[in-house]
Amino acid sequence: MKLKIHRGTNQIGGNIVEIVTERTEERTKIFLDCGANLPPLDNRRWSDTTEIDGLTRGASDCNALFVTHYHSDHCGLISRVNEDIPIYAGRETEAALGIIADFIDAPRPKIRVVEAGAAVTIGGVTILPIPVRHSARGAMMFLVEAEGQKLLYTGDFGDFRGVGYEPLRGVDVMLCEGTNIHAPGGMTEADVEAEAARIMKETRGSVFVLCSTTNVDRVAAIEAACARSGRTLAIDPFMKAILESIAPIRSVPSIGFVPNFVGKEKTPGAYKYLTRYLARGDKFFRSAKDIAMEDGLVFMVRPTMKKFIERLDRHKSVSDGTLIYSMWNGYKKTEPVSDFLATARSLGVEIIDLHASGHACRRELEAAVRRVCPKTLIPIHTESSAEFKTMH
């Protein structure tokens, strides 16, 4: 089979990988991920205009697209994929992308759900989805077999714990992510939970947590920290929808808040979810004034909630509060995050960094490569491809 990496070997994010059979009677072409490039850190209006012949423009020349997980740098171009090309992904990815589409009032992507461990055959290619641990729930790597060869595409992963290695024996090519290859080790979600609980106990006022809404493992760690510190988690309708859909094994917090305007005409997607929650009796505070009267809350926030925090402060000072910043530090250079943090500081909120990466550190990367032992190792999703020479 023929492998073509459209991009990803010298950058983080924007993965697009193409595989084509060469010798079988039935020519088969599949794509693995269709990620958007990460935006420049100083430009909030930037968009990825990349087009791929046969995938996003022109006559379709592709049998299928397989998506590893729901992060934009792996599926951000999905809305531009030709409608007649089947898209395959896991249940959590299908659910998360559907909810995101609902809240931005866009069409839901049509995705065929694949199950971990259940191989899918497309023409002359067989694709086996294998679950991996990552900051996106339900992330998968794909083992591709065609014409007597095996290719393993890891997507993004934190470690290979729980991965069955039997199918990976005899892998010819391993496309391995290397985002954190320079990091020898790092924090775990258990570390985040313990430190967050300490911060919550020592903070007199409200606690705000800035993290990715779809990082449900982080939200679970914060929820557990709330339980340890006697606080209550407060979430908006979007986070509630995500938690109920892709993390149903956890209890969903009962206190909600509406940070921005929600109306039937201007925001029909968000309105649909909010009215559903209110109809079944879920507790949602619809104004900053109402929820400001509640004590002991931990607000899950996003950069778009800057005005909400300002309104909250008008009714009850947040100057004795703490904001836990739980994302990649590079986002601080982006305009939305920078503005949000500046607003919090101006209101007297203390900001504390507390983050555990969903990407494997060097130790975990070395362990994965050692266990798979591929004939050829190709780095992807990294700015440090040369570092892989010392691992293989």
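Computed from a predicted structure; not experimentally measured.

**Section: the overall build of the protein**
So, point 1. From N to C terminus, the protein includes 10 helices and 19 strands.
So, point 2. Here the C-alpha atoms of the protein give a radius of gyration of 22 Å, agreeing with the 21 Å that 2.2 N^0.38 yields for 392 residues.
So, point 3. Its C-alpha atoms give the protein principal-axis dimensions of roughly 70 × 45 × 40 Å.
So, point 4. Burial status across the protein gives 53% buried among its 392 residues.

**A closer look at the pairing of strand β11 (residues 173-177)**
So, point 1. In terms of residue burial, β11 counts as a mostly covered element, since 5 of its 5 residues are buried.
So, point 2. Pairing of strand β10 (residues 149-153) with β11, which is carried by 3 bridges, proceeds in the parallel orientation. Opposite Leu151, over in β11, you have Val173 as the bridge partner.

**Considerations on the layout of surface pockets**
Space left empty within the atom packing is revealed by a probe, the size of a water molecule, rolled over the atoms.
So, point 1. Computed from the structure, the second largest pocket encloses a volume of approximately 170 Å³.
So, point 2. Gly205, Ser206, Glu294, Asp295 and Lys316 are the residues nearest the centre of the second largest pocket, which is lined by 15 residues in total.
So, point 3. The set of elements that each furnish at least two residues to the lining of the second largest pocket consists of α7 (288-292) and β16 (297-301).
So, point 4. Looking at the lining of the second largest pocket, its residues break down into 6 nonpolar, 4 polar and 5 charged.

**With respect to the pattern of salt bridges**
So, point 1. Within the structure shown, the criterion is met by 25 salt bridges.
So, point 2. Taking the shortest distance from any N to any O, the salt bridge between Arg57 and Asp53 comes out at 2.6 Å.
So, point 3. The partner of Glu193 in a salt bridge is Arg228, with the nearest N and O atoms 3.1 Å apart. Of this pair, Glu193 sits in helix α3 (residues 189-202) while Arg228 sits in helix α4 (residues 216-229); the two residues are 35 residues apart in sequence, bridging distant segments of the chain.
So, point 4. For Arg228, a relative accessible area of 46% translates into the label partly exposed.
So, point 5. When salt bridges with common partners are traced through the structure, they connect Glu18, Arg27, Lys29 and Asp61 into a single cluster.

**Let's talk about the sheet that holds strand β17 (residues 322-325)**
So, point 1. Taken together, 7 strands build an open sheet; the order of strands is β15-β14-β13-β16-β12-β17-β18 and the sheet is parallel. Two strands close off the open sheet at either side, each with one partner strand: β15 (283-285) and β18 (350-353). Between one strand axis and the next, the sheet turns through 30° on average, direction left out of account.
So, point 2. Together, β12 (207-210), β13 (232-235) and β16 form the strand contacts of α4, whose direction differs from that of β13 by roughly 140°.
So, point 3. Of the strands in this sheet, β13, β14 (255-257), β15 and β16 touch helix α5 (residues 237-246), which is tilted by about 110° from β13.

**Focus: the pairing of β10**
So, point 1. Counted residue by residue, β10 has 4 buried out of 5 residues, so it is predominantly covered.
So, point 2. Across 5 bridges, the pairing between strand β9 (residues 140-146) and β10 is antiparallel. For Phe142, the partnering residue across the bridge sits in β10 and is Tyr153.
So, point 3. Two successive antiparallel strands, β9 and β10, enclose a turn made up of 2 residues, where Glu147 displays a positive phi of approximately 50°.

**Looking at unusual backbone geometry**
So, point 1. Of note in the backbone geometry, Asp105 takes a positive phi value of approximately 55° without being a glycine.
So, point 2. Among the structural elements, Asp105 can be located in the loop between α2 (91-103) and β6 (112-113).

**A look at helix α9 (residues 335-346)**
So, point 1. Here α9 spans 16 Å end to end across 12 residues, near enough to the 16 Å set by a 1.5 Å rise per residue.
So, point 2. What α9 keeps buried is the set Val337, Phe340, Leu341, Thr343 and Ala344. Take α9 and look down its axis: the buried residues cluster within an arc of 155°, on one side only. Among the exposed residues of α9, those oriented more than 90 degrees off its buried face are Arg345 and Ser346.
So, point 3. Lining the buried residues of α9 we find β12, β16, α8 (306-315), β17 and β18.

**Here we look at a nonpolar patch on the surface**
So, point 1. Together, Leu38, Trp328 and Tyr331 make up an exposed nonpolar region whose accessible area comes to about 280 Å².
So, point 2. The residue Leu38 is located in the loop between β3 (29-34) and β4 (64-66) in this model.

**Considering α8**
Along an α-helix, a turn takes 3.6 residues, which lines up residues three or four apart on a common side.
So, point 1. Every buried residue belonging to α8 is among Phe308, Ile309 and Leu312, and all of these are buried. Summarising the axial view, the buried residues of α8 lie within an arc of 95°, below the 170-degree limit, and thus occupy one face. α8 presents Lys307 and Arg314 as exposed residues on the side facing more than 90 degrees away from its buried surface.
So, point 2. Those residues of α8 that are buried are in contact with β12, β14, α7, β16 and α9.

**Concerning the side chain of Thr154**
So, point 1. With respect to the helices and strands, Thr154 occurs in the loop between β10 and β11.
So, point 2. Among the residues examined, Thr154 registers a relative accessible area of 0% and is labelled buried.
So, point 3. Within the structure, the side chain of Thr154 is placed 3.1 Å from the backbone nitrogen of Glu177, a separation counted as a polar contact.
So, point 4. The contacts of Thr154, once residues within four sequence positions are left out, are Met140, Met141, Phe160, Met174, Leu175, Cys176 and Glu177.

**Some thoughts on the environment of Met174**
So, point 1. If you trace the backbone, Met174 turns up in strand β11.
So, point 2. Considering only alpha carbons, one finds Met174 and Val81, 93 residues apart in sequence, at a separation of 26 Å.
So, point 3. Aside from chain neighbours lying at most four places away, what touches Met174 is Leu152, Thr154, Phe160, Ala368, Val369, Val372, Pro374, Thr376, Leu377 and Ile378.

Calculation rules
- Sequence positions are assigned chain by chain, starting from 1 and proceeding in written order.
- In keeping with the predicted nature of the model, local features appear solely for residues at pLDDT of at least 70, side-chain atom pairs appear and are counted solely at 80 or more, and the whole-chain, interface and lining totals rest on all residues.
- Calculated side-chain values reflect all of the structure's heavy atoms, with hydrogen atoms and water omitted.
- Numbering goes from the N terminus for both helices and strands, where a helix is a DSSP run of H or I of at least four residues and a strand is a run of E of at least two.
- In this description the radius of gyration comes from C-alpha coordinates, and the expected globular size is given by 2.2 Å times residues to the power 0.38.
- Each residue is placed in one exposure class: buried if its accessible area under a 1.4 Å probe, protein chains only, is under 20% of its type's maximum, exposed if it is over 50%, and partly exposed if it falls in between.
- Strands qualify as paired when DSSP identifies two bridges or more between them.
- Throughout, the protein atoms alone are placed on a 1 Å grid, and a set of points is a cavity if a 1.4 Å probe fits but cannot get out or a pocket if it is open with protein on both sides within 12 Å along at least five of seven lines; lining residues have an atom within 4 Å of a point.
- Grid points are joined across faces, edges and corners, and a volume is the space filled by probe spheres set on the points.
- Gly counts as polar in this scheme, as do all residues outside two lists: the nonpolar Ala, Val, Leu, Ile, Met, Phe, Trp, Tyr, Cys and Pro, and the charged Asp, Glu, Lys and Arg.
- The term salt bridge refers to a side-chain nitrogen of Lys or Arg lying within 4 Å of a carboxyl oxygen of Asp or Glu.
- Axes here mean lines fitted to C-alpha atoms, for a helix over just the part in contact, with angles spanning 0 to 180 degrees between N-to-C directions.
- Note on contacts: a residue pair qualifies if any of its non-hydrogen atoms lie within 4.5 Å across the two residues.
- To estimate the expected span of a helix, subtract one from its residue number and multiply by 1.5 Å.
- To obtain the arc, one takes the directions from the helix axis to the C-beta atoms.
- Exposure above 30% relative accessible area and the absence of a salt bridge qualify a residue for a patch, where like charges join within 9 Å and nonpolar side chains (Val, Leu, Ile, Met, Phe, Trp, Tyr) within 5 Å.
- In this description, accessible areas are obtained by the Shrake-Rupley approach with a 1.4 Å probe, and a residue is regarded as covered only by the protein chains that are shown.
- Between N or O atoms, a polar contact is any pair within 3.5 Å; within protein, one atom must be a potential hydrogen donor and the other a potential acceptor, and residues adjacent in sequence are included only when both atoms are from side chains.

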